[in-house]
Amino acid sequence: MVSAPDAGGFLPFARPDIDSEEAEAALDVIRSGWLTTGARCAEFERAFAEAVGGAHAVAVNSCTAAMHLSLEALGVTRGDCVVTTPYTFAATAEVIRYFDAVPVFVDVDPETCNIDVDQLTETVERLCRRDRAALPPAARDAVSATPPRVVMPVHVAGVPCDLPAIYDVAASSGAAVVEDAAHAFPASIDGRIVGGAVADGVRSTVCFSFYATKTITTGEGGMLVTHDAEVADRARLMSLHGMSRGAWTRYAEGGSWRYEVVAPGFKYNMPDLMAAIGLVQLSKATAMTARRAEIARRYNDAFHEEPSLQTPSVPQGAAPAWHLYMLRLREEAVSIDRGQFIVELGRRGIGTSVHFIPLHLHRYYRDHLGYRPKDFPVATAQFEREISLPIYSSMTDRDVERVCETVLDVVDLYRR
Ligand SMILES: *Cc1c(COP(=O)(O)O)cnc(C)c1O
């Protein structure tokens, strides 16, 4: 049966699973009279660190802030190389540019869209040999330091990267690791939780996002997790103006008015109002993840035998966070392209999104790094056929069925 346009109203692509429990927690903070960073924030940091098995957690107002603070704490400076992939959101590479450092992109694995470990290894080896041809063509003169200072893998859709291999490459080249785990709470691979990775001799942080569409949300928010006490201390200091003492210790009972600015820091602290919401979201994370995994299973069942659709691949031993359900169209099997497919779904009331427009296709990175579309063929090809379907815990079974039916209806209508 072909579903009529707009049957059942519009199903949004994303919607936070948030209710009166979060509202009560926020109201308690408002009534307490202490709105900014304080006791709730410290509690959220402790609980989150415990949830992912990290030694230290610093709550901030975005994942972007967490990644910026990580690179600062790890000593990234002008002319350094930082290796990452183009298959990510703007934030991952922009924080590298904040330092006038140079993002060196590596293509992705066609199955997971996570960084291709063989190509990462090759690129890092070339940078270690000071092979300047491994650098972005328009940025060769801007680079003063090879080998790379940091490697930034992205756990796309919440599917964990091959962390042991990535940490090995980092260890062999003296690079640090900053994981973009914006999609990856909670996720694990071979029983190792994303956020808890430790590797001898590699300094690292793992950065999470609590943006409104992410797996747990505080509206806006982020968390930097690390085993490195020095990195944690530096990030905390720089998250609040580089002041040797935060507002909490200044304005609390018995606090001192004295503080000293020891570096030109940033304004990245998380307010207690957000942390209180985060604590409630954290307590619901297991149930919300289970529901997203259930939705993914239903989508897989509905689509895996359809020759024009490719369902997501999950590496052996991985438990993804299922932040995204990245469906891919086999364009040779249907007469419409991905863009038209999205229009057809939208006309039938299904909200979707695309992850990601690879960074090397954006004007800023074309102009400033000199990359061309053909430089990362896997990233470009996956982007062109990708459609992210709604996957959030407040979806009803009927919502899920409707997505399945509508996708299959559109496939049937345009099958070659
Ligand atoms: C959302 C997102 C970010 C940024 O998170 P914010 O909390 O909004 O700063 C970073 N990387 C990826 C891959 C993302 O999807």
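The structure under discussion appears in the preceding block.
Position numbers for residues start from 1 in each chain and track the written sequence from start to end. Where totals are concerned, whole chains, interfaces and linings use all residues; where local detail is concerned, this predicted model gives features only for residues with pLDDT of at least 70, and gives and counts side-chain atom pairs only at 80 or more. For side-chain calculations, the full set of non-hydrogen atoms in the structure is used, while hydrogens and water are omitted.

S.K.: Describe the pairing of strand 9 (residues 222–226), with residues and values.
M.R.: In the case of a regular strand, side chains alternate between the two sheet surfaces. Among the five residues that make up strand 9, five are buried, leaving the element largely enclosed by the rest of the structure. Of the two faces of strand 9, both are covered, the one formed by Gly222, Leu224 and Thr226 as well as the one formed by Met223 and Val225. Two elements, strand 8 (residues 204–209) and strand 9, share four bridges in a ladder whose sense is antiparallel. Within the sheet, the bridge partner assigned to Cys207 lies in strand 9 and is Leu224. Exposure classes here rest on a 1.4 Å probe applied to the protein chains alone. A residue is buried below 20% of its type maximum, exposed above 50%, and partly exposed in between. Under the DSSP-based scheme used, a helix requires at least four consecutive residues in state H or I and a strand at least two consecutive residues in state E, with every element numbered from the N terminus. Strand pairing is assigned whenever DSSP identifies at least 2 bridges connecting the two strands.

S.K.: Quick rundown of the nonpolar core? Include the residues and the values.
M.R.: Put simply, a nonpolar core is a bunch of buried Ala, Val, Leu, Ile, Met, Phe, Trp, Tyr and Cys residues held in one set by side-chain atoms that sit within 4.5 Å of each other. Tyr87, Phe105 and Leu120 are the most contacted members of the largest nonpolar core, which has 46 residues in total. If you list the elements that add at least two residues to this core, you get strand 2 (80–84), strand 3 (102–105), helix 5 (117–128), helix 6 (163–173), helix 11 (363–369) and helix 12 (377–385). In terms of residues, this core owes the most to one element, helix 6, which gives six residues. Within the second largest apolar cluster, 31 residues are counted, among which are Met67, Val95, Ile96 and Tyr268.

S.K.: Can you break down the packing of aromatic side chains residue by residue, with the values?
M.R.: Ring pairs shown here join Phe, Tyr and Trp side chains whose ring centres sit within 6.5 Å, with only the six-membered ring taken for Trp; geometry is labelled stacked below 30 degrees between planes, edge-to-face above 60, and tilted in between. Applying the stated criterion across every chain yields a total of 16 aromatic pairs. Measuring from centroid to centroid gives 5.3 Å for Phe266 and Tyr268, while their planes differ by 20 degrees, and the two rings are stacked. Between the aromatic rings of Tyr299 and Tyr325, the centroid separation amounts to 4.9 Å while the plane-to-plane angle is 65 degrees, which identifies the pairing as edge-to-face. Placement of Tyr299 in helix 9 (residues 272–303) and of Tyr325 in strand 12 (residues 325–329) is noted, with a sequence separation of 26 residues between them. On the basis of relative accessible area, Tyr325 is assigned to the buried category, the value being 0%.

S.K.: Before we move on, can you summarise the packing of helix 3 (residues 63–73) against helix 7 (residues 229–239) with the specific residues and values?
M.R.: How two helices pack is summed up by the angle between their axes together with the distance between the axes. A fitted line through C-alpha atoms represents every axis, and for helices the fit uses only the stretch in contact; the resulting angles, taken between N-to-C directions, go from 0 to 180 degrees. Running from amino to carboxyl end, helix 3 crosses helix 7 at an angle of 120 degrees, the nearest separation of the two axes being 9 Å. Judged on the interaxial angle alone, helix 7 and helix 3 are oblique. Relative to helix 7, the crossing made by helix 3 is right-handed. Here Leu69, Glu72 and Ala73 of helix 3 come into contact with helix 7, specifically with Val231, Arg234, Ala235, Met238 and Ser239. Here the angle decides the label: under 35 degrees means roughly parallel, over 145 means roughly antiparallel, 65 to 115 means roughly perpendicular, and every other value means oblique. Rotating anticlockwise by less than a right angle from the far helix to the near helix defines a left-handed crossing, while the corresponding clockwise rotation defines a right-handed one. Throughout, a residue-residue contact means that at least one pair of heavy atoms, one from each residue, lies within 4.5 Å.

S.K.: Now, about helix 2 (residues 39–52): what can you tell me, with residues and values included?
M.R.: Every helix has an expected span of 1.5 Å times one less than the residues it contains. With 14 residues, helix 2 should reach 20 Å at 1.5 Å per residue; the first-to-last C-alpha distance of 20 Å fits that figure. Three or more residues of helix 2 are buried, namely Cys41, Phe44, Glu45, Phe48, Ala49 and Val52. Across the axial projection of helix 2, the buried residues extend over an arc of 125 degrees, all falling on one side. Opposite its buried face, helix 2 presents the exposed residues Arg46 and Glu50, each directed more than 90 degrees away. Residues of helix 2 that are buried make contact with strand 1 (56–60), strand 7 (192–193), strand 8, strand 9, helix 7 and helix 9. Note: the arc covers the axis-to-C-beta directions of the helix.

S.K.: Run through the layout of surface pockets, naming residues and quoting values.
M.R.: Detection works on a 1 Å grid of protein atoms alone, calling trapped sets that fit a 1.4 Å probe cavities and calling open sets with protein on both sides within 12 Å along at least five of seven lines pockets, with lining residues defined by an atom within 4 Å of a point. Grid points are joined across faces, edges and corners, and a volume is the space filled by probe spheres set on the points. In this model, the largest pocket occupies a volume close to 670 Å³. Looking at the largest pocket, it is lined by 43 residues, and the ones nearest its centre are His183, Tyr211, Thr213, Lys214 and His323. Going through the elements one at a time, helix 3, helix 4 (90–97) and helix 9 are the ones with two or more residues in the lining of the largest pocket. By the convention adopted, Pro, Cys, Tyr, Trp, Phe, Met, Ile, Leu, Val and Ala count as nonpolar, Lys, Arg, Asp and Glu as charged, and the other residues, Gly among them, as polar. The class makeup of the residues in the lining of the largest pocket is 22 nonpolar, 15 polar and six charged.

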